[in-house]
Amino acid sequence: MLEIKNIHAKAGDKDILKNLNLTVKPGEVHAIMGPNGSGKSTLGNLLAGMPHVQATEGSVSFKGKDLLELEPEERAGEGVFLAFQYPVEIPGVNNMYFLRTAYNAQRKYRGQDGIDSAGFMRMVKDKIKQLHMKDDLLKRPVNVGFSGGEKKRNEVFQMAVLEPTLAILDETDSGLDIDALKIVADGVNQLRSEDRSFIIITHYQRLLDYIEPDYVHVLADGEIVKSGTKKLALELEEQGYGWLDV
Amino acid sequence: MAGLTFDWLAAVNEQSEKNNWPEGLLNKQQSAIEVLKNWQAPNRKSEYWRYSDAGRLKKDSLGHEWVAVPEPEETSVVISLTEQGVQSPSHVPDWLEIKPVHAVDQPDWSALKATPELVVQASNEALFSHGVALSVASGAPKNATIVLRYAADEPNQWTYVRNIISLEAGAEITVDEQVVAGRINVNNFYQIADGAHLKRHQQVVLAADQQHVALHHFSLHNEAQVTSQNRHEGGDLQHHVHWVDFLGEQAEYKAGSINKATNSTHISDIVMVNHQHKNNRSEVIHRSLADDSGQVFNNAKAVVVKHADGSEIDQDLKNILLSEDAKIASKPEMEVYADEVIAAHGSTIGTLDEEAVFYLQSRGIPADTARDMMMVSFEQEALIC
Ligand SMILES: Nc1ncnc2c1ncn2[C@@H]1O[C@H](COP(=O)(O)OP(=O)(O)OP(=O)(O)O)[C@@H](O)[C@H]1O
Ligand SMILES: [Mg+2]
């Protein structure tokens, strides 16, 4: 599904990712942990196509396509979704309208017909319930005045509606209360399937109690310095990153 | 030497019959013409015309293309101002009185006396040929709407229109001003009596080579309220001045403007608020975008005289440049001579929020649509009603 080979990348004019390799197969859940500033978000941003993050070396292939060649919206159309660490506020653009525009744009990209606003409303009603989203958040401008947790939940709601094949969650668990954490984990678990993959960036192994990862990687100073199973996350939780000698 | 470098008289549409006009008014126009002869024509040395090419006022032919304006709702009172004169509805509701503008006493405010910066707007005083004087009674239903449609056919010469809109004490009304067609120079006088509330919408969306010049003067008495929403978009030249005088206390003037210059549009949006009395509030919000080689000039000025304590002023001008050739000048200004005043002002010029554009794109929305959405998002902050 996703093959990252020998990636070097800059954020702005700073070299951040250095010789990063990662392969994600369909159905797998990969957790990425690592110290602040190690490049975790940069990796997510690189995959989603953020303009100020540029690869200088290496390749990323997604379902056989050269991902780095595609525009951000094309990547979304191909099934890539990034839940932002810091979701952006967009005053004056209604959340529901935004999401329907996105949904229809992706359908168009895949050569499918659009859906009208009533149809869309019916479609999302379930997901709203599942994620215990407050209805009024959908009527409000995108993320404007949302609490930290509400913003994160909105990201997961978008993911649930857009049903990506590769979802990258960048610290979606940070700032969530226990109930919200379970809801977010439920959201991910409901989407889990043989042909969907997840990259979950987190600082806390707590989330991984709810979302069982297949692999845990440690990203330090722009490269993956250790990979293991869920046990690695527990070790990191207990001992921090010092023992890895990074 | 200052002189009539701009031939105001030659550039005007044939004036409709003025033989039923009172002699006093004809004399007034004549003396206005004399004043005008000695005034400098607009040019880049003038503050108000520094960022707009005044030479364009002299263009011969503007073409016949117009941006379609939706038909007004059937429930509204529609008054059309054409090059020939005024078309009023056959049935006028009892809360409204419509007279020809020449049939009433003229407001004593005069652009000619205010500042030579207003020379183009002041030419209206010398040259206006028609318009309406509206008087709105307090019994007007709250949802009542008057639509002023400027629809002149002659696209080359200027048509000078002047209207007086008076709201009686306690009256509440919406006035929609729409430019449908014509090269219009308009002066409007809004007189808002105690406790009255004017909700005003101005829509000037012009095809590429059209021009529009406007002066709107608002006098607010005690506890009067003005909510004014302006959209200025496109065209060759747009020059708007909003002049506000507080004549009593506890009144509020709140205005939001959206200015959008594309191609080679020049738009000036100038607001002057005079806090001559205590405890009045003014809030001016502009959101302007310039693309291609378009230019926008935003100027919000407030003057607070000595002893006008308790005045409250808010000026919020934000601007976005969408191309390298586009230009925006943005100037909040305050002259405060009173001691106790609450004032805030801000002015920024930036580019579209690319982080937000990326957020939208990352959800599958194409870049162009994402940019359009962000422009709408930016404009919304200036939507006040
Ligand atoms: N546009 C930029 N220009 C310069 N440096 C940047 C830019 N964006 C990010 N960086 C730097 O890149 C480094 C990696 O940032 P990144 O956000 O990827 O870290 P992270 O691993 O996600 O950290 P955290 O755990 O705190 O979220 C940081 O030192 C950051 O300051
Ligand atoms: Mg991060």
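The model shown is predicted, which means the values in this text are computed figures rather than measured ones.

Undergrad: Residue-level account of the overall build of chain B, with values.
TA: Along its length, chain B carries five helices and 19 strands. The C-alpha radius of gyration of chain B comes to 20 Å, within 12% of the 21 Å expected for a compact globule of 385 residues. Principal-axis analysis of the C-alpha atoms places the extent of chain B at approximately 65 × 50 × 50 Å. Within chain B, the proportion of its 385 residues that are buried is 58%. Counting only contacts in chain B whose residues sit at least 6 apart along the sequence, the fraction spanning at least 24 positions is 85%. In the form shown here, chain B has an accessible surface area of approximately 15300 Å², with 47% of it arising from carbon and sulfur atoms. Looking at chain B, you have 30 positive and 54 negative side-chain charges, and the mean spots of the two groups are 4 Å apart.

Undergrad: Please give an account of the overall build of chain A that cites residues and values.
TA: Broken down by element type, chain A carries nine helices and twelve strands. By its C-alpha atoms, chain A is 55 × 40 × 35 Å across when sized along the principal axes. Each of the 246 residues in chain A was classed as buried or not, and the buried ones make up 53%. Carbon and sulfur atoms make up 46% of the accessible area of chain A, which amounts to about 10800 Å² in all. For chain A, the separation between the mean place of its 30 positive charges and that of its 37 negative charges on side chains is 5 Å.

Undergrad: For the coordination of the magnesium ion (ligand 2), give the residues involved together with the corresponding values.
TA: All names here are of chain A. Around the magnesium ion (ligand 2), the donor atoms from the protein are Ser 41 (OG) and Gln 85 (OE1), and they sit 2.0 to 2.2 Å away. Separated by 44 residues along the polypeptide, Ser 41 in helix H1 (residues 40-48) and Gln 85 in the loop between strand S6 (80-83) and strand S7 (90-94) bring together distant segments of the chain. For the pair shown, Ser 41 and Gln 85 are each scored as buried.

Undergrad: Outline the domain arrangement of chain B, listing residues and values.
TA: Residues and elements named next belong to chain B. When cut into domains, chain B gives domain 1 (2-60 + 72-351) and domain 2 (352-385). Placing the centre of domain 1 and that of domain 2 at their C-alpha centroids yields a distance of 30 Å. The partner domain 2 presents ten residues to the 21 residues of domain 1 that form the contact. Run the count over domain 1 and domain 2 and you get four salt bridges. With a closest N to O distance of 3.5 Å, Lys 318 and Glu 381 form a salt bridge.

Undergrad: Can you explain the site of ligand 1? Please cite residues and give values.
TA: All names here are of chain A. Neighbouring ligand 1 are 16 residues, the closest being Gly 37, Lys 40, Ser 41, Thr 42 and His 203. Asn 36 places a side-chain nitrogen or oxygen 3.0 Å from an oxygen atom of ligand 1. Protein burial of ligand 1: of its 640 Å² of free accessible surface, 67% is covered by the chains. Contributing elements (two or more residues each) for the shell around ligand 1: strand S2 (14-24) and H1. The greatest single-element share of the shell around ligand 1, amounting to three residues, is contributed by H1.

Undergrad: Explain the interface of chain A and chain B to me, using residue names and the numbers behind them.
TA: Residue-level contacts link 30 residues of chain A with 18 residues of chain B. Between chain A and chain B, a total of about 1900 Å² is buried, with carbon and sulfur atoms accounting for 70% of that surface. For the interface between chain A and chain B, the tally reads one salt bridge. Across the pair A:Glu155 and B:Arg363 runs a salt bridge whose closest N-O atoms are separated by 2.7 Å. For the pair chain A and chain B, the interface holds ten residue pairs in polar contact (both at pLDDT 80 or more). Secondary-structure elements contributing two or more residues to the side of chain A that touches chain B are helix H2 (72-78), S6, S7, helix H3 (95-109) and helix H6 (148-162) of chain A.

Undergrad: Give me the lowdown on the environment of B:Glu283, citing residues and values where you can.
TA: Residues and elements named next belong to chain B. Considering the arrangement of structural elements, one finds Glu 283 in strand S15 (residues 281-290). Taking the C-alpha atoms as reference, Glu 283 lies 8.4 Å from Gly 256; in sequence the two are 27 residues apart. Look past the residues within four positions of Glu 283 in its chain and what remains in contact with it is Tyr 253, Lys 254, Ala 255 and Asp 314.

Undergrad: Please provide a residue-by-residue account of the confidence of the model for chain B, values included.
TA: When pLDDT drops low, the exact placement of atoms in the prediction is not to be read closely. All names here are of chain B. Of all residues in chain B, 97% have pLDDT values of 70 or greater, and the mean over the chain is 93. The model gives residues 1-5 a pLDDT under 50, and that stretch makes ten contacts with residues more than four places away or in other chains. We note a pTM of 0.85 for the whole complex and an ipTM of 0.95 for its interfaces.

Undergrad: Quick rundown of the packing of helix H1 (residues 23-37) of chain B against helix H3 (residues 119-127) of chain B? Include the residues and the values.
TA: Where H1(B) contacts H3(B), the axes come no closer than 7 Å and their chain directions differ by 145°. Touching B:Gln29, B:Ala32, B:Ile33 and B:Leu36 of H1(B) are B:Val119, B:Ser123, B:Asn124, B:Glu125, B:Ala126 and B:Leu127, all from H3(B).

Undergrad: Describe the pattern of salt bridges, naming the residues involved and giving the relevant values.
TA: Counting across every chain of the model gives 33 salt bridges over all chains. Of the charged contacts in the structure, one is a salt bridge between A:Arg192 and A:Asp214, with a shortest N-O distance of 3.9 Å. With a gap of 22 residues between them, A:Arg192 in the loop between helix H7 (178-191) and strand S10 (197-201) and A:Asp214 in the loop between helix H8 (206-210) and strand S11 (215-220) connect regions that are remote in the sequence. According to the relative accessible area criterion, A:Arg192 is partly exposed, its value standing at 28%. For B:Arg371, the salt bridge is made with B:Glu354, and the minimal N-O distance between the two is 3.3 Å. Here B:Arg371, found in helix H5 (residues 367-380), pairs with B:Glu354, found in helix H4 (residues 354-361); they are 17 residues apart in sequence, far enough to count as distant.

Undergrad: An account of the sheet that holds strand S8 (residues 184-192) of chain B is requested, with residue identities and associated values reported.
TA: All names here are of chain B. The nine strands are arranged S3-S4-S6-S8-S10-S12-S14-S16-S18 in an open sheet whose pairing can be described as mixed. Edge positions in the sheet fall to strand S3 (96-100) and strand S18 (327-336), since each has one partner strand and no second. Neighbour-to-neighbour, the strand axes of the sheet open up by a mean angle of 10°, direction not taken into account. With four bridges joining them, strand S4 (residues 132-136) and strand S6 (residues 159-167) adopt parallel strand pairing. Residue pairing in the sheet places Ser 135 in a bridge with Ser 166 of S6.

Undergrad: So what's going on with the sheet that holds strand S11 (residues 225-234) of chain B? Which residues, and what values?
TA: Residue and element names in this part refer to chain B. What the ten strands build is an open sheet, ordered S2-S1-S5-S7-S9-S11-S13-S15-S17-S19; its pairing is mixed. Strands at the two margins of the open sheet, each flanked by one partner only, are strand S2 (86-87) and strand S19 (341-350). Bridge count for strand S1 (residues 77-81) against S2 is two bridges, and the pairing is antiparallel. Each bridged residue has a counterpart across the sheet, and for Leu 81 the counterpart in S2 is Val 86. The strands touched by H5 are S11, strand S13 (252-261), S15 and strand S17 (311-321); relative to S15, the strand with the most contacts, the crossing angle is about 165°.

Undergrad: I'd like a description of the packing of H3(A) against H6(A), backed by residues and values.
TA: Residue and element names in this part refer to chain A. Where H3 meets H6, the closest approach of the two axes is 10 Å, and the angle between their N-to-C directions is 35°. Crossing hand, H3 versus H6: right-handed. Contacts between H3 and H6 involve Asn 95, Phe 98, Leu 99, Ala 102, Tyr 103 and Gln 106 from the first element and Asn 154, Phe 157, Gln 158, Val 161 and Leu 162 from the second. Residues belonging to the contact of H3 with H6 are distributed by class as follows: seven nonpolar, four polar and no charged.

How each quantity is defined
Residues numbered from 1 in each chain as written. Chains lettered and ligands numbered in written order. Predicted model: local features only at pLDDT ≥ 70, side-chain atom pairs only at ≥ 80, totals over all residues. Heavy atoms only, no water. Helix = DSSP H or I, 4+ residues; strand = E, 2+ residues; numbered from the N terminus. Rg over C-alpha atoms; globule rule 2.2 N^0.38 Å. Buried < 20%, exposed > 50% of the residue type's maximum accessible area, 1.4 Å probe, protein only. Contact = heavy atoms within 4.5 Å. Areas by Shrake-Rupley, 256 points an atom, 1.4 Å probe, with all protein chains shown as cover. Lys, Arg positive; Asp, Glu negative; His and termini not counted. Charge placed at Lys NZ, Arg CZ, Asp CG, Glu CD. Donors = N, O, S within 2.8 Å, 3.2 Å for Na, K, Ca; no water. Domains from an automatic or database assignment. Salt bridge = Lys/Arg side-chain N within 4 Å of Asp/Glu carboxyl O. Near = heavy atom within 4 Å. Polar contact = N/O pair within 3.5 Å; in protein donor to acceptor, adjacent residues only side chain to side chain. Buried area = accessible area lost by both parts, 1.4 Å probe. pLDDT = per-residue confidence, 0-100. Axes fitted to C-alpha atoms, helices over the stretch in contact; angles between N-to-C directions. Pairing = 2+ DSSP bridges. Left-handed = near helix turned anticlockwise from the far one by under 90°. Nonpolar A, V, L, I, M, F, W, Y, C, P; charged D, E, K, R; others polar.

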